[in-house]
Amino acid sequence: MAGYALADLQLPDGINPAPLAQNESCFPPSPKAIDAAAQAMTCAQFYPDPGQTDLRQSIASVHGLNIDNIVCGAGSMELISALTRCYAGPGLRVLTTQYGYAFFRTASIMAEAEIDFAPEVDFTVSVDTLLAAVQPTTNIIFVANPGNPTGTVIPRGELLRLRDGLDENVLLVIDEAYGEFNDSNEAPMFDLVERGNTVVLRTFSKAYSLAGMRMGWGLFPTEIVEQVTKILCLGSASVASLAAAAAAMLDQDYMKSCCADVAKRRDSFAKDLSKLGLTVPQSKTNFVLVGFRDEAEAVRTETHLRQRGVLTRGMGGYGLSHCIRITIGSAEEMDLTGQLIGEALGRFSELAI
Ligand SMILES: *Cc1c(COP(=O)(O)O)cnc(C)c1O
């Protein structure tokens, strides 16, 4: 199998990087999370609590969920991989969408399952194409909402329609890695888990600025909790990660103010790019997918950005070689990025910065 393709982070010597390739937060973690991690280090001679009770309790209280249905992992990637190891395998199929997060494919191949992709419509997940692509041996469906790398959202009603249209034996995994950025004022999806065979995943890596601590979580039906906890390595999250995540979860004000700042900057950046004639699907995340006229223009722009220290993500791996994905960074980073894109397109004067 091909390895999971990480972003190319090579830079010319001596250039200060603007890391806009991996959807990391442009803010440091909550000061409360930093303090909690430092405090936890003072007892790091002991193994972590295998029940991860403090963290799960924080999540349960903030989101109003039953603690028994919350499972944490070393990043939601660990949870995705645990789900495919439990429920996919030789002779079974995993279904995701055309531009579905690339790790769904990697995790499925590691479990020796086959993977299928349902077409998206206008860079957006389509419930109709997903339902049409289900085969008798399809055992898991992964939908990222909001999507990565598209940034787009499908409404809650569409996810309910998807669950209703699926056989109850099919596991539906809704990956809400960017759920905290989705400000569409709809009720959260967690109640769908009660219908059975449905999992909702979240992460501390994006909105909570803790990518380096490797903590993800999800709401799981009781039967699935029992299965995945058998194969999760319960020692994979460190005491510092557990403590930082619990404190970050309890500091909702900090997280929400970071997300609001990002949203404002994202929307104005997207508007500037549209004025340059680029296509930017409406994003509800901390990144935008930028469509150029063709692959040559995308490559030229990505290279120009990289030479000036702005690292973005080429999208060839998703069959979108005319696009690049740009994480929303600081105000200065976005000003520089907009200016460099204008230069690369040779239309610098049209962008009013
Ligand atoms: C970033 C991301 C994740 C994962 O991350 P962890 O850092 O492992 O929690 C999961 N799903 C999607 C769609 C992502 O973009």
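Relevant structure appears above.
First things first, this report covers the structure right here in the doc. Everything numeric here is computed off the predicted structure, so don't read it as measured data. (Residues numbered from 1 in each chain as written. Predicted model: local features only at pLDDT ≥ 70, side-chain atom pairs only at ≥ 80, totals over all residues. Heavy atoms only, no water.)

**Observations concerning the overall build of the protein chain**
Along the protein chain, the regular secondary structure elements total 11 helices and 12 strands. Computed over its C-alpha atoms, the radius of gyration of the protein chain comes to 20 Å, within 12% of the 20 Å expected for a compact globule of 353 residues. Considered along the principal axes of its C-alpha atoms, the protein chain spans approximately 60 × 55 × 40 Å. Looking at the protein chain residue by residue over its 353 residues, the buried ones come to 54%. The long-range share in the protein chain, meaning contacts at least 24 apart out of those at least 6 apart in sequence, stands at 73%. Seen as two clouds, the 27 positive and the 41 negative side-chain charges of the protein chain have centres 3 Å apart. (Helix = DSSP H or I, 4+ residues; strand = E, 2+ residues; numbered from the N terminus. Rg over C-alpha atoms; globule rule 2.2 N^0.38 Å. Buried < 20%, exposed > 50% of the residue type's maximum accessible area, 1.4 Å probe, protein only. Contact = heavy atoms within 4.5 Å. Lys, Arg positive; Asp, Glu negative; His and termini not counted. Charge placed at Lys NZ, Arg CZ, Asp CG, Glu CD.)

**Points about the site of the ligand**
Surveying the vicinity of the ligand reveals the residues G75, S76, M77, Y101, N148, D175, A177, Y178, T203, S205, K206 and R214. The side chain of K206 places a nitrogen or oxygen atom 3.1 Å from an oxygen atom of the ligand. Computed on the free molecule, the ligand has an accessible area of 380 Å², of which 94% lies beneath the protein chains in the complex. Residue classes in the shell around the ligand are distributed as four nonpolar, five polar and three charged. (Near = heavy atom within 4 Å. Polar contact = N/O pair within 3.5 Å; in protein donor to acceptor, adjacent residues only side chain to side chain. Areas by Shrake-Rupley, 256 points an atom, 1.4 Å probe, with all protein chains shown as cover. Nonpolar A, V, L, I, M, F, W, Y, C, P; charged D, E, K, R; others polar.)

**Regarding the pairing of strand 8 (residues 216–219)**
Side chains of strand 8 alternate between two faces, with G216 and G218 and W217 and L219 buried alike. Taken together, the four bridges between strand 2 (residues 70–73) and strand 8 define a ladder with antiparallel strand orientation. Residue pairing in the sheet places G73 in a bridge with G216 of strand 8. (Pairing = 2+ DSSP bridges.)

**A closer look at the packing of aromatic side chains**
Pairs of aromatic rings are described using the distance from one ring centre to the other and the angle between the two planes. Across all of its chains, the model carries seven aromatic pairs by this definition. Taken together, a centroid distance of 5.4 Å and an interplanar angle of 85° make the contact between Y101 and F104 edge-to-face. Aromatic side chains F190 and W217 sit 5.6 Å apart centroid to centroid with 25° between the ring planes, which places their arrangement in the stacked category. Here F190 is found in the loop between strand 6 (171–175) and strand 7 (198–203), whereas its partner W217 is found in strand 8, with 27 residues between them in sequence. The ring centre of F287 lies 5.7 Å from the NZ or CZ of R325, which sits over that ring. (Phe/Tyr/Trp six-rings, centres within 6.5 Å; stacked < 30°, edge-to-face > 60°. Lys NZ or Arg CZ within 6 Å of the ring centre and 35° of its normal.)

**What about the nonpolar core?**
Among the nonpolar cores identified, the biggest contains 75 residues, and L55, F204, W217, I326 and I341 are the most heavily contacted of them. Take this core: its biggest share by element is nine residues, from helix 8 (residues 239–250). Leave out the neighbours within four places in its chain, and I326 touches L20, F269, F287, V288, V290, T312, M334, T337 and I341. Counting 33 residues, the second largest nonpolar core, distinct from the first, contains Y87, A113, L201 and L320. (Core = buried A, V, L, I, M, F, W, Y, C linked by side-chain atoms within 4.5 Å.)

Keep in mind these values describe shape, not function.
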